[in-house]
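# Summary of structural features
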Amino acid sequence: MSPLSEKLDSDLLSLRRRLGDRLYTKRLKRQTDKTIRFLHQGKGVFRLERLIPFDSLLDGFFKTFGICDIMHRAFLDVRVVRQDWVIPSLPDAFEGFRLLQLTDLHCDLDPVLTAVVTDLIRLCPHDAAVITGDFRNGMGGNHDVCIRETRHIVETLTPQRWGILGNHDFIEMVPELESMGLPILLNEVTEVRRGSASIWIGGIDDPHFYQTHDLAEVRSRIPREACSILLSHSPETYTEAARLGFHLHLSGHTHGGQICLPGGRPVVVPCRVPRQFMVGRWSHGGMQGYTSPGTGGCGVAARWNCPPEITVHTLRSGRQPS
């Protein structure tokens with residue numbers, strides 16, 4: 001066996017141990033379904049994509065009406081959005097802690113986006129960063145372009161950074177992402193420390209298509225009274241996450257609709273959640289949440305009435321300074 005083959009086998013064995021036999025096997029089976037049987041991940045109208053190439057139809061529609069350039073400019077018009085969160089359990093040492101969120105980069109769709117994103121990151125001071133899934137756009141072939149563009153973005157982030165996988169990401173990407181200094185949380189947690197104080201960030205595997213998430217396992221690894229932030233690619237986990245006592249839920253996946261009617265009303269809802277969870281701030285039970293409209297785009301490099309964003313989340317305790 002060649003050294004390359006040995007390393008690949010070792011990487012896959014490590015991933016199996018981290019995700020567990022049952023979820024690892026489930027993920028591989030669904031990846032095979034996706035690539036060989038062209039099983040589409042969507043629900044409702046999205047199932048038609050097995051027969052109808054919607055991305056090509058959309059592109060043709062935009063060209064017919066001469067709006068490609070306008071929609072592409074909107075795709076590249078990435079905004080910096082700032083959100084403040086009051087979490088009473090936040091330790092004093094983390095007052096004003098800034099967590100930068102990128103999501104749904106789909107880096108291989110249009111590499112021109114990379115320079116836009118990296119320039120904005122340099123203008124956004126942050127203490128830690130997270131990428132909440134969907135690094136790639138295409139499903140077939142290799143993911144070399146995705147990895148190359150992701151590397152440029154990751155190198156711009158603060159050294160305290162983590163990611164999770166989305167429904168477009170294959171588990172074989174994890175070793176390459178981690179080799180560039182982006183730990184991927186596969187139903188795992190990380191403790192972020194400032195002196196003797198800490199907050200906890202938990203990340204689950206994709207709950208939308210692969211459904212290989214394990215919220216209970218992640219929550220069990222976090223001290224009960226600690227400030228906890230959950231990274232979930234899709235907002236679909238809001239009910240269970242609130243029941244388990246997470247304080248802040250960060251997600252993406254929806255792209256906010258990407259192509260929207262005036263007022264930002266999505267034409268298509270890509271997952272089964274009430275509309276208030278589709279984009280922006282929300283709350284459920286005692287948990288607060290944010291669904292980012294995404295930093296990139298999926299299928300077509302276009303946006304309409306739905307600006308892409310980089311989000312800077314600032315954490316506050318709500319306590320008066322002594």
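Residues numbered from 1 in each chain as written. Predicted model: local features only at pLDDT ≥ 70, side-chain atom pairs only at ≥ 80, totals over all residues. Heavy atoms only, no water.

### So, the overall build of the protein chain
Test applied: Runs of E in the DSSP output that reach at least two residues are strands. Runs of H or I that reach at least four are helices, and both are numbered from the N terminus. We call two residues in contact whenever any of their non-hydrogen atoms come within 4.5 Å of each other. Computed with a 1.4 Å probe, the accessible areas rest on the Shrake-Rupley method; for each residue, only the protein chains presented here act as cover.
When you go through the protein chain residue by residue, the secondary structure sums to nine helices and 13 strands. Contacts in the protein chain between residues far apart in sequence, at least 24 positions, make up 73% of those at least 6 positions apart. Within the structure as shown, the protein chain displays about 14,200 Å² of accessible surface, and the carbon and sulfur contribution to it stands at 55%.

### Here we look at the environment of E240
In this structure, E240 sits in helix 9 (residues 238-244). Separated by 24 residues in the primary sequence, E240 and A216 place their C-alpha atoms 8.7 Å from one another. The contacts of E240, once residues within four sequence positions are left out, are L215 and A216.

### Side note on the side chain of E149
The line we're drawing: Classification of residues uses two cut-offs on accessible area relative to the type maximum, computed with a 1.4 Å probe and protein chains only: under 20% is buried, over 50% is exposed, and between them is partly exposed.
Take E149: it is sitting in helix 6 (residues 144-154). Residue E149 is classed as buried on the basis of its relative accessible area, which comes to 6%. For E149, the contacting residues outside a window of four places in its chain are C107, P111 and T114.

### Section: the pattern of salt bridges
Basically, it comes down to this: Note on definitions: salt bridges are taken to be side-chain nitrogens of Lys or Arg within 4 Å of carboxyl oxygens of Asp or Glu.
Going through the model one piece at a time under the given rule, you end up with 15 salt bridges. D127 is the partner of R98 in a salt bridge, and the nearest nitrogen-oxygen pair spans 3.2 Å. Taken together, the residues span a long stretch of sequence, with R98 in strand 2 (residues 97-102) and D127 in the loop between helix 5 (112-122) and strand 3 (128-132) at a distance of 29 residues. Look at D127 and you get buried, because its relative accessible area is 17%. Between D119 and R122 there is a salt bridge whose closest N-O contact spans 3.3 Å. Placement of both D119 and R122 in helix 5 is noted, with a separation of three residues, approximately one turn of the helix. What emerges from the salt-bridge pattern is a single network uniting R18, E178 and E188.

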